[in-house]
Amino acid sequence: MNKKISIFAFTILFTLHASAASVIYKYQNLAENISHPWGIAVIDENNILFTELTGALRIIEDGVLSPEIISGVPDVLFAGQAGLSDIVLDPNFATNRRLYLSFSSPDKYEKTNTLEVISAKLDSKKLIEIKTIFKAAPSRDTAAHYGARMAFLKDGTLLITSGDGFNYREQAQYLDNHFGKIIRINTDGSIPGDNPFINDDDALSEIWSYGHRNPQGIVVIEGVVYENEHGPMGGDELNIVQPSKNYGWPAITYGKDYSGATISPFTKKDGLEQPIKYWIPSIAPSGMAFYNGSMFPEWKNSLLISALVPGDVRRIQIEDTLSNKEEILFSDLGRVRDIEVSPDGSLILATDGPNGKLIRVIRRN
Ligand SMILES: [Ca+2]
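Remember, predicted model here, so these are calculated numbers, not experimental data. Throughout, residues of each chain are indexed from 1 in the direction in which the sequence is written. With pLDDT at 70 or above as the cut-off, local features in this predicted model cover only qualifying residues; side-chain atom pairs require 80 or more to be listed or tallied, and sums for whole chains, interfaces and linings still use all residues.

Examining the overall build of the protein
Then step 1. Secondary structure elements are defined from DSSP: runs of H or I of at least 4 residues count as helices, runs of E of at least 2 residues count as strands, and each element is numbered from the N terminus. In terms of helices and strands, the protein carries two helices and 24 strands.
Then step 2. What the globule rule says is 2.2 Å times the number of residues to the power 0.38, and the radius of gyration is computed from C-alpha atoms. For the protein, the C-alpha radius of gyration of 21 Å lies close to 21 Å, the compact-globule estimate for 365 residues.
Then step 3. Taken over the C-alpha atoms alone, the protein extends approximately 70 × 55 × 35 Å along its principal axes.
Then step 4. Each residue is classed by its C-beta neighbour count within 10 Å, where at least 20 other C-beta atoms makes it buried, 12 or fewer makes it exposed, and intermediate counts make it partly exposed; the C-beta atoms are placed from backbone geometry. For the protein, with 365 residues in total, the buried portion stands at 42%.
Then step 5. Contacts here follow a simple rule: the backbone-placed C-beta atoms of the two residues must lie within 7 Å. Across the protein, the fraction of contacts at a sequence separation of at least 24, relative to all contacts at a separation of at least 6, is 55%.

Next up, the structure:
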């Protein structure tokens, strides 16, 4: 028995020693005391735009946080999970300076709100030529489950994740509304002629896929769309999303309701897509990036999923997405709200909350 204990102790010591020696990264704070950072867009190594859920669009300029807030952002509802959400740059941002913002938009004179996306041009420290290009319908009276992440397909069309609004989960299975959908539009707000439901009179033409809950990570890798979404209690998912397909919520789920009640007795059903991976207990996946940079060759060809509970980043090699293999990184930072990759191969992380940080992860040596 003593021998067993000493072998056990040796194993722990060896493991700790090995992991300390093998840490290949270190952190640099880019910004501190920022208010609920939510979405990050990297212009280049030293210039980074980010949103604060409270409503501000801010910029790190030449590596330093500008005290000046970028003007022109529309009024947003800041409540619960509502606020100024994601930001993505136009694929031709270097020449046209256009960007896209998603946010929770309050309805005038009503107690309702909805997910809205605008296009705008960044002119020094202000947004100009602002145009609404998507507004989810119908509105909601909750301040939860917006989705609100965006990514570009190769053809220049924009994917927008739209959450189930928490109280409207059954609507995710119906095509006459935008709850629990992934949306595909052109950047001028028009609808691509090859959208899957464009000839279906009973479906909204912006819909690209459905049966989602609260999708908050989306990334396109060589034409393949990876999406992660919050499950209820357990059952967070990683999906490969294809047009017209139904991802099952709430007809099938690996999670339970927060009360412990059963949402659906089914985890699988014919005609409904399975996640390629799911998490029990939940990790609350918040953002996702694809890593193929040169700074960390050992992480090449990986999905990096930021997570809120308990708070870390899950690295999943693309070839391991169908297995349970994942590496847990940065678990000393608390809730991680978003992740992006810089052109130099460093990572940019946003930590969640009223005293959030923007952190750059670089190689240690
Ligand atoms: Ca699902």
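Moving on from the model shown.
Things to note about the nonpolar core
Then step 1. Ranked by size, the top nonpolar core spans 71 residues in total, and within it L99, L101, L159, I183, V313 and L349 carry the most contacts.
Then step 2. Sequence-distant contacts of I183, defined by excluding residues within four places in its chain, comprise F134, L159, I160, S162, H178, E206, I207 and W208. The term nonpolar core means buried Ala, Val, Leu, Ile, Met, Phe, Trp, Tyr and Cys residues held together as one set by C-beta atoms within 7 Å.

What to know about the sheet that holds strand β21 (residues 327-329)
Then step 1. The strand order across the open sheet built from four strands is β18-β19-β20-β21, with neighbouring strands paired in antiparallel fashion. Of all the strands in the sheet, just β18 (285-291) and β21 have a single pairing partner and so form its edges. Each adjacent strand pair in this sheet contributes to an overall mean axis angle of 25°, direction not counted.
Then step 2. Here strand β19 (residues 302-307) pairs with strand β20 (residues 312-317) via six bridges, running antiparallel. Bridge pairing in β20 places I305 opposite R314. Two strands qualify as a pair provided that DSSP identifies no fewer than 2 bridges between them. Helix axes use the C-alpha atoms of the stretch in contact, all axes being lines fitted to C-alpha atoms, and the angles between their N-to-C directions lie in the range 0 to 180 degrees.

Notes on unusual backbone geometry
Then step 1. Geometrically, the link from W249 to P250 is a cis peptide bond, its omega value of -5° lying close to zero.
Then step 2. Topologically, P250 is positioned in the loop between β16 (236-241) and β17 (277-279).
Then step 3. P310 follows V309 through a cis peptide bond whose omega is -5°.
Then step 4. As for its placement among the helices and strands, P310 is situated in the loop between β19 and β20.
Then step 5. In the Ramachandran plot, F166 falls in the positive-phi region, its phi being about 65° despite a non-glycine side chain.
Then step 6. The topology assignment puts F166 in the loop between β11 (158-162) and β12 (181-185).

Considering the pairing of strand β4 (residues 57-61)
Then step 1. Looking at chain direction, strand β3 (residues 47-52) and β4 are connected through four bridges and run antiparallel. Counterpart to L49 in the pairing with β4 is I59.
Then step 2. The loop that links β3 with its antiparallel partner β4 comprises four residues; one of these, G55, has a positive phi angle of about 130°.
Then step 3. Pairing of β4 with strand β5 (residues 64-65), which is carried by two bridges, proceeds in the antiparallel orientation.

Re the environment of G334
Then step 1. Following the sequence through the fold, G334 ends up in the loop between β21 and β22 (336-341).
Then step 2. In this structure G334 comes out as partly exposed when scored by C-beta crowding, with 16 C-beta atoms within 10 Å.
Then step 3. As a C-alpha pair, G334 and L308 span 26 residues in sequence and 7.3 Å in three-dimensional space.
Then step 4. Excluding residues within four positions of it along the chain, G334 makes contact with G311 and T351.

A word on the sheet that holds strand β9 (residues 126-135)
Then step 1. The strand order across the open sheet formed by four strands is β6-β7-β8-β9, and the pairing between neighbours is antiparallel. Across the chains shown, the open sheet's two edge strands, defined by having one partner strand only, are β6 (84-89) and β9. For this sheet, the mean inter-axis angle between neighbouring strands, taken without regard to orientation, is 25°.
Then step 2. Direction of pairing for β6 relative to strand β7 (residues 98-106): antiparallel, over a ladder of four bridges. By the bridge assignment, L89 is partnered in β7 with L99.

Focus on the confidence of the model for the protein
Then step 1. Model confidence for the protein is summarised by a mean pLDDT of 94, while 94% of its residues fall at 70 or above.
Then step 2. The pLDDT value tells you how sure the predictor is about a given residue, anywhere from 0 up to 100. In the model, residues 1-18 has pLDDT below 50 throughout and makes zero contacts with residues more than four positions away in sequence or in other chains.

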